[in-house]
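Examination of the molecular architecture
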Amino acid sequence: MQKLINPIVVDEPDPAAANVLQEGLGGQFGEMRTMMQFLFQSFNFRGDGIPYLDLIQGIGIEEISHVELISKTISQLLDGAPGYNGDKFDTPGKGGEATLDVGRLAKNPHHFIMGAQGALPVDAAGNPWSGSYVHNHGNLVLDLMDNLVLEATGRIQKSRIYQMSENKTLRSTVSFLIVRDEAHQMAFAKALETLGIDWAKTLPIPKFDSSKYPEVKKLLDAGIHREQYHFRLDSSMMDLIFKGSAPANDGTELVTKKEPDESYPIPVAPERPEEFAPGLDPELQSLADALSEFKEKTLKKMEKKAGPNPRTKKK
């Protein structure tokens, strides 16, 4: 089953917080930018410096999970904001009632007009994400320095977003991304360090005690700010770079892993009749239910035939 890289904490709907968080998704220094930049750098990598390729690619793959996490968080912040409780097959707005009135008052009405209470590939001002944000210089040192600046800028912006809302849904995700941005700063700094550049007096950026944020401290205590994952089914040479003392010069050690130790269930988004999403009539619903039942039975048969998965056994 597909899993999230960090749990999403449930709190009250908050369209304003959702819109602020859009900057962390589709902004110039958001998660869509980091994902595309690192992946394109890995796709276009030249030469035989495979450890550097593995490092850039591994972080790029992790960024895919960050795009998923922050998108799901934005959707969670929007979901149910109109407070509509009509029956699934009712006509929302019957009799002239403005069941989506909250969308008119929202910071970004496109969340309700275009997105059906879901995330959009835009920044907090509603500007669409652009491929022109992606930097792929083809020069290893320049790419690594650019990536370090990108992670540092993303971290400072998320630290600002954290202070804009006390909503637990927003803070749980932003706190995780603050910590992982620091880990990525260390990864690119370590790579530059192997090329003769000393970052010990510079990182992390911004330089502040992030453990003062209680949600962040819990993650720091768990040590995930010094882990990096390569997500490869075959071998990876990332650990030739991401190892030893952290460039922050704080006595911590860097650890390369195949994947995070834990993953978390993705919340199922409830249907929103007021948005006609998914908009199934009773006949189509019966067909969809039949297909879901068939898929569930088929999956159980396959699992029974394959036997228990050792990775799912309790430790």
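Structure shown above.
So, here's what we can say about the structure. (Residues numbered from 1 in each chain as written. Predicted model: local features only at pLDDT ≥ 70, side-chain atom pairs only at ≥ 80, totals over all residues. Heavy atoms only, no water.)

1. Quick word on the overall build of the protein
For the protein, the count of helices and strands is nine helices and five strands. The order of α-helices and β-strands along the protein, N terminus first, is β-α-α-α-α-α-α-α-α-β-β-β-β-α. Buried positions account for 43% of the 315 residues belonging to the protein. Long-range pairs, those at least 24 residues apart, make up 78% of the contacts in the protein with a sequence separation of at least 6. Per element, the accessible surface of the protein, about 16800 Å² overall, is 56% carbon and sulfur. (Helix = DSSP H or I, 4+ residues; strand = E, 2+ residues; numbered from the N terminus. Buried < 20%, exposed > 50% of the residue type's maximum accessible area, 1.4 Å probe, protein only. Contact = heavy atoms within 4.5 Å. Areas by Shrake-Rupley, 256 points an atom, 1.4 Å probe, with all protein chains shown as cover.)

2. A word on the sheet that holds strand 4 (residues 253-257)
With mixed pairing, the three strands of this open sheet are ordered in space as 2-4-3. On the outer flanks of this sheet lie strand 2 (227-229) and strand 3 (244-245), each paired with one strand and no other. One ladder, built from three bridges, connects strand 2 with strand 4; its direction is parallel. Considered in strand 4, the bridge of Y229 is made with K257. Contacts from helix 7 (residues 168-194) reach strand 2, strand 3 and strand 4 within the one sheet, and its direction differs from that of strand 2 by about 80°. (Pairing = 2+ DSSP bridges. Axes fitted to C-alpha atoms, helices over the stretch in contact; angles between N-to-C directions.)

3. What to know about unusual backbone geometry
Put simply, A277 and P278 share a cis peptide bond, and its omega is 5°. In the Ramachandran plot, Q117 falls in the positive-phi region, its phi being about 65° despite a non-glycine side chain. Secondary-structure assignment places Q117 in the loop between helix 5 (110-113) and helix 6 (140-162). When its relative accessible area of 3% is taken as the criterion, Q117 is described as buried. Even without glycine at this site, N249 takes up a positive phi of about 60°. Assignment of secondary structure puts N249 in the loop between strand 3 and strand 4.

4. Quick look at the packing of aromatic side chains
Applying the stated criterion across every chain yields a total of six aromatic pairs. Pairwise contacts between aromatic rings join Y162, F208 and Y213 into one cluster. Taking the ring centre of Y162 as reference, the NZ or CZ of R171 above it sits at 3.9 Å. (Phe/Tyr/Trp six-rings, centres within 6.5 Å; stacked < 30°, edge-to-face > 60°. Lys NZ or Arg CZ within 6 Å of the ring centre and 35° of its normal.)

5. Digging into the side chain of N6
Note on placement: N6 falls in the loop between strand 1 (3-4) and helix 1 (15-26). We classify N6 as buried; its relative accessible area is 7%. Here N6 is in contact with L69, S172, F176, L219 and Y264, once residues within four sequence places are set aside.

6. Focus: the pattern of salt bridges
Within this structure, the stated rule accounts for 18 salt bridges. Here E182 and R155 are joined by a salt bridge, their closest N and O atoms 3.1 Å apart. Taken together, the positions of E182 in helix 7 and R155 in helix 6 put the pair 27 residues apart, joining distant regions of the chain. Through salt bridges with shared partners, a single ionic network connects R155, E182, R226 and D250. (Salt bridge = Lys/Arg side-chain N within 4 Å of Asp/Glu carboxyl O.)

7. Some words on helix 8 (residues 214-222)
Buried within helix 8 we find V216, L219 and L220. Projected down its long axis, helix 8 carries its buried residues within an arc of 100°, all on one side. Turned more than 90 degrees off the buried face of helix 8, the exposed positions are P214, K218, D221 and A222. Looking at the buried residues of helix 8, the elements they touch are helix 7. G223 sits one or two positions beyond helix 8 and adopts a positive phi of about 85°. (Arc of directions from axis to C-beta.)

8. Section: the packing of helix 1 against helix 3 (residues 50-78)
The geometry of helix 1 relative to helix 3 is characterised by a closest axis approach of 8 Å and an angle of 165° between their N-to-C directions. When the axes of helix 1 and helix 3 are compared, the pair comes out roughly antiparallel. Along this stretch, helix 1 crosses helix 3, giving a crossing that reads as left-handed. Residue-level contacts link P15, A17, A18, L21, Q22, G24 and L25 of helix 1 to V67, I70, S71, T73, I74, L77 and L78 of helix 3. (Parallel < 35°, antiparallel > 145°, perpendicular 65-115°, else oblique. Left-handed = near helix turned anticlockwise from the far one by under 90°.)

9. Examining the packing of helix 2 (residues 31-43) against helix 3
For the pair helix 2 and helix 3, the least separation of the axes is 8 Å and the interaxial angle reads 150°. Between helix 2 and helix 3, the angle is such that the two are roughly antiparallel. Seen from above, helix 2 lies across helix 3 with left-handed handedness. Here E31, M32, T34, M35, F38, L39, Q41 and S42 of helix 2 lie close against helix 3, whose contacting residues are L53, I56, Q57, I59, G60, I61, E63, I64, H66, V67 and I70. Residues that form the contact of helix 2 with helix 3 fall into these classes: 11 nonpolar, six polar and two charged. (Nonpolar A, V, L, I, M, F, W, Y, C, P; charged D, E, K, R; others polar.)

10. A closer look at the side chain of S159
Within the secondary structure, S159 is located in helix 6. If near-sequence neighbours (up to four positions away) are discounted, S159 is found in contact with I178, P206, F208 and Y213.

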